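# Secondary and tertiary structure notes
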Amino acid sequence: DSGTFLGLGTVTGSVAIHIAFSLQRLYYVKEAHGIVVTDVAFVPESRPGRELLGGHEAALLSVAVDSRCKLHLLPTRRSLPVWLLLLLCAGLIVATILLLQLTFPGFL
């Protein structure tokens, strides 16, 4: 619905979810269905859709030739806060300077 993700169903029954702009694969189930996947659709981002998603980032419904419908949930991706990333970089710089000072005593 939002254009963020791309859903894919294959002739072998596999189902995948990719990021739309980079085609990076986020989710893959080999042979989720026993036969050709005929249709995939994301759960809409409406109120009932959000209730179905729960804490997940996206949900994809897949249908195969055998008339089975499966729900695939994409877990929410975790990311580091900017302040933590800056703290880690500062720690790395301090550790590098201390290591250089120990290796070359007259460095500073």
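Under an unreviewed UniProt entry, the name given to the chain is PREB protein, and the organism recorded is Myiagra hebetior. Quoted verbatim from the Subcellular location (unreviewed entry) heading of the UniProt record, the comment on the chain is "Endoplasmic reticulum membrane".

## Re the domain arrangement of the chain
The domain boundaries assigned to the chain delineate domain 1 (3-72) and domain 2 (78-107). Computed over C-alpha atoms only, the centres of domain 1 and domain 2 are separated by 42 Å.

## Digging into the pairing of strand β2 (residues 15-19)
Most of β2 sits out of view: 5 of its 5 residues are buried. Burial of β2 is two-sided: the residues V15, I17 and I19 facing one way and the residues A16 and H18 facing the other way are all buried. Where strand β1 (residues 5-9) and β2 come together, 5 bridges link them in antiparallel fashion. If you follow F5 over to β2, its bridge partner there is I19. The turn linking β1 back onto β2 is made up of 5 residues, and G13 within it adopts a positive phi angle of 95°.

## What to know about the packing of aromatic side chains
Under the definition given, this model contains 0 aromatic pairs. Taking the ring centre of Y28 as reference, the NZ or CZ of R25 above it sits at 4.5 Å.

Basis of the calculations
Residues numbered from 1 in each chain as written. Predicted model: local features only at pLDDT ≥ 70, side-chain atom pairs only at ≥ 80, totals over all residues. Heavy atoms only, no water. UniProt positions renumbered as here; feature names shortened; annotations may be inferred. Domains from an automatic or database assignment. Buried < 20%, exposed > 50% of the residue type's maximum accessible area, 1.4 Å probe, protein only. Helix = DSSP H or I, 4+ residues; strand = E, 2+ residues; numbered from the N terminus. Pairing = 2+ DSSP bridges. Phe/Tyr/Trp six-rings, centres within 6.5 Å; stacked < 30°, edge-to-face > 60°. Lys NZ or Arg CZ within 6 Å of the ring centre and 35° of its normal.

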